[in-house]
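Structure at a glance
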Amino acid sequence: MAEDSTGRFRAGQTGLIVRVPDAEPAVRAWRERFDPSARAGVPAHVTVLFPFLDESRTDAHVWSALADVLGRHHAFDVRFEGCGRFPGVLYLAPEPDIPLRRLTEVIADRWPEAPPYGGKFTEVVPHLTIADGQDDGVLDEIEADLLGRLPITSRVSSVDLMVHDGAKWQERASFSLRE
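Here the structure is a predicted model, which is why all the values come from computation and not from measurement.

Here's the deal with the side chain of Thr129
As for its placement among the helices and strands, Thr129 is situated in strand 5 (residues 128-132). For Thr129, a relative accessible area of 13% corresponds to the buried category. Every residue in contact with Thr129, bar those within four places of it in the chain, is listed here: Arg31, Asp35, His45, Val89, Leu90 and Tyr91.

Considering helix 4 (residues 98-110)
For helix 4, spanning 13 residues, the distance from its first C-alpha to its last is 18 Å, which sits close to the expected 18 Å at 1.5 Å a residue. Those residues of helix 4 lying buried are Leu100, Leu103, Thr104, Ile107 and Ala108. Down the axis of helix 4, the sector holding all buried residues measures 125 degrees, keeping them to one side. Against the buried residues of helix 4 lie strand 1 (14-19), strand 2 (45-49), helix 3 (60-71), strand 3 (76-86), strand 4 (89-95) and strand 7 (158-164).

Concerning the pattern of salt bridges
Under the criterion given, the structure shown has 17 salt bridges. Linking Arg72 and Asp68 is a salt bridge whose minimum nitrogen-to-oxygen distance equals 2.4 Å. Owing to a relative accessible area of 41%, Asp68 belongs among the partly exposed residues under this scheme. Arg85 serves as the salt-bridge partner of Asp140, at 2.6 Å between the closest nitrogen and oxygen. Placement of the pair is Asp140 in helix 5 (residues 136-147) and Arg85 in strand 3, with a sequence separation of 55 residues. Relative accessible area serves as the criterion here: at 42%, Asp140 is assigned to the partly exposed category.

A closer look at the sheet that holds strand 2
Neighbouring strands of a sheet are bound in pairs by backbone hydrogen bonds; such pairs are parallel or else antiparallel. Pairing is antiparallel in the open sheet, where four strands are placed in the order 2-1-7-8. Among the strands making up the open sheet, the edge pair consists of strand 2 and strand 8 (169-176). Neighbouring strand axes in the sheet, compared pairwise and without regard to direction, differ in orientation by 35 degrees on average. Relative to strand 7, strand 1 runs antiparallel, the two sharing four bridges. By the bridge assignment for strand 7, Ile17 is matched with Asp160. Contacts between helix 4 and the sheet are confined to strand 1, strand 2 and strand 7, with strand 2 contributing the most and set at about 30 degrees to the helix.

Observations concerning the environment of His73
The topology assignment puts His73 in the loop between helix 3 and strand 3. The spatial distance from the C-alpha of His73 to the C-alpha of Arg102 is 8.9 Å, given a sequence separation of 29 residues. Ignoring sequence-local partners within four residues, the contact set of His73 consists of Leu103, Val106, Leu177 and Arg178.

Analysis parameters
- Residues numbered from 1 in each chain as written.
- Predicted model: local features only at pLDDT ≥ 70, side-chain atom pairs only at ≥ 80, totals over all residues.
- Heavy atoms only, no water.
- Helix = DSSP H or I, 4+ residues; strand = E, 2+ residues; numbered from the N terminus.
- Buried < 20%, exposed > 50% of the residue type's maximum accessible area, 1.4 Å probe, protein only.
- Contact = heavy atoms within 4.5 Å.
- Expected span 1.5 Å × (residues − 1).
- Arc of directions from axis to C-beta.
- Salt bridge = Lys/Arg side-chain N within 4 Å of Asp/Glu carboxyl O.
- Pairing = 2+ DSSP bridges.
- Axes fitted to C-alpha atoms, helices over the stretch in contact; angles between N-to-C directions.

Printed below as a string of structure tokens:
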């Protein structure tokens, strides 16, 4: 998940993520130092949709619709073999990324009022952020360390709804993919 334009998360913000617990041993220390979402309580993850609907709008009807939409998709494995970069950002690149893109597309199609990243980007690139807002020297150091810890393989079997409570991100619900 990304920070909003003020550099702080807002109470009531929500996001949908795929947790990647198998990456935690390799990335936790780096993320805690260089990824604001980690310091705010978000585990290693690939964002499906951020921001999603405000918490005040995520009622039982939305949860049911999320369960229905996501339950139509099969669980899958992803592999992280290398890093990628955006300006000031280092991330692990999931392969294949098509199933992750599809999850983003179906949620964004169902809730067009919640475009990925607020509509800031024309293409959504699935990724697991390791560091954000750092110079190339720091990113080079992190990447060198991570390359010795790859590949990482993980099973994607659910999508979690995360909510910011004003201090930390908390899981509100988890929606299973079809096995």
